[in-house]
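Overview (structure and organization)
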Amino acid sequence: MVERTREVLAQLRHLVDGAKAVPMSASCMVNRGEALALIDAAARALEEDVGEAQRVTATSLETLERAQDEAKQIIASAEEKAQFLAGQTPVMEQARKKAAQLEAKALTDAEALRREADAYVDARIASFEAGLQKTMSQVRTMRDRLASRSSLDDTSTQALPRLKA
């Protein structure tokens, strides 16, 4: 494909290489008609090469599209086959048994975790309750001491009703 253009350009180079040098300069003398004919031939060869490259590209794109369509069909067929195989009785039954086992284990684990969390929360609440009872007892004792020391009337200073112990 590119060979035609290379060949014409090589001929053009050979023409310039073989041209007579102009004394005391870097210029040379070439046959105008010969040079123009080679340039025209190079342009035609380049157009043909570009056209052929475009045809090859278009063909490659078509081939790629066909390959992608074929790949999609193969995948669809494989998925269909996989669904068929998964639907077979022994395989499906085994999967159902495994799913039931996993579900039972998950429920058991969840229940154990719930019980553990409930026990932890109950222990924390009991500790909080004990602390509150101790604080309430100390507050009651301080109020009783204050009332007896200051001879305060219980009904006039009582902010909260007394809790019965």
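Below is a summary of the structure that appears in this document. (Residues numbered from 1 in each chain as written. Predicted model: local features only at pLDDT ≥ 70, side-chain atom pairs only at ≥ 80, totals over all residues. Heavy atoms only, no water.)

Our next topic: the overall build of the protein. Within the protein, the secondary structure is distributed over four helices and two strands. Counting from the amino terminus, the protein carries its helices and strands in the arrangement α-β-β-α-α-α. For 165 residues, the compact-globule estimate of 2.2 N^0.38 gives 15 Å, and the protein exceeds it by more than 25% at 50 Å. The principal-axis extents of the C-alpha atoms in the protein amount to approximately 135 × 70 × 25 Å. Within the protein, the proportion of its 165 residues that are buried is 8%. Here the contacts in the protein between residues at least 6 apart in sequence split such that 41% fall between residues at least 24 apart. When the accessible surface of the protein is summed, it comes to about 14,300 Å², and 60% of that surface belongs to carbon and sulfur atoms. Of the side chains in the protein, 24 bear a positive and 26 a negative charge, and the two mean positions are spaced by 13 Å. (Helix = DSSP H or I, 4+ residues; strand = E, 2+ residues; numbered from the N terminus. Rg over C-alpha atoms; globule rule 2.2 N^0.38 Å. Buried < 20%, exposed > 50% of the residue type's maximum accessible area, 1.4 Å probe, protein only. Contact = heavy atoms within 4.5 Å. Areas by Shrake-Rupley, 256 points an atom, 1.4 Å probe, with all protein chains shown as cover. Lys, Arg positive; Asp, Glu negative; His and termini not counted. Charge placed at Lys NZ, Arg CZ, Asp CG, Glu CD.)

Turning next to the side chain of D49. Within the secondary structure, D49 is located in helix α2 (residues 32-86). At 2.4 Å, the side chain of D49 forms a polar contact with the side chain of T5. (Polar contact = N/O pair within 3.5 Å; in protein donor to acceptor, adjacent residues only side chain to side chain.)

Once that is clear, we can look at the packing of helix α1 (residues 3-17) against α2. The interhelical angle for the contact between α1 and α2, taken along N-to-C directions, is 160°, at an axis separation of 8 Å. When the axes of α1 and α2 are compared, the pair comes out roughly antiparallel. As for how α1 packs across α2, the hand of that crossing is left-handed. On α2, the residues touching R4, T5, V8, L9, Q11, L12 and L15 of α1 are E34, A35, L38, I39, A41, A42, A45, L46, E48, D49 and E52. Grouping the amino acids of the contact of α1 with α2 by side-chain chemistry returns eleven nonpolar, two polar and five charged. (Axes fitted to C-alpha atoms, helices over the stretch in contact; angles between N-to-C directions. Parallel < 35°, antiparallel > 145°, perpendicular 65-115°, else oblique. Left-handed = near helix turned anticlockwise from the far one by under 90°. Nonpolar A, V, L, I, M, F, W, Y, C, P; charged D, E, K, R; others polar.)

Attention now goes to a nonpolar patch on the surface. A cluster of nonpolar side chains, contributed by Y120, V121 and I125, occupies part of the molecular surface with about 320 Å² of accessible area. Assignment of secondary structure puts I125 in helix α3 (residues 89-150). (Patch = residues over 30% accessible without salt bridge, like charges linked within 9 Å, V, L, I, M, F, W, Y side chains within 5 Å. Salt bridge = Lys/Arg side-chain N within 4 Å of Asp/Glu carboxyl O.)

All chains considered together, the criterion is met by eight salt bridges. Across the salt bridge formed by R4 and D49, the nearest N and O atoms sit 2.9 Å from each other. A residue pair is termed long-range when its members are at least 10 positions apart, and R4 in helix α1 and D49 in helix α2 qualify at 45 residues. By relative accessible area, R4 is classed as partly exposed at 35%. By relative accessible area, which is 6% here, D49 ends up buried.

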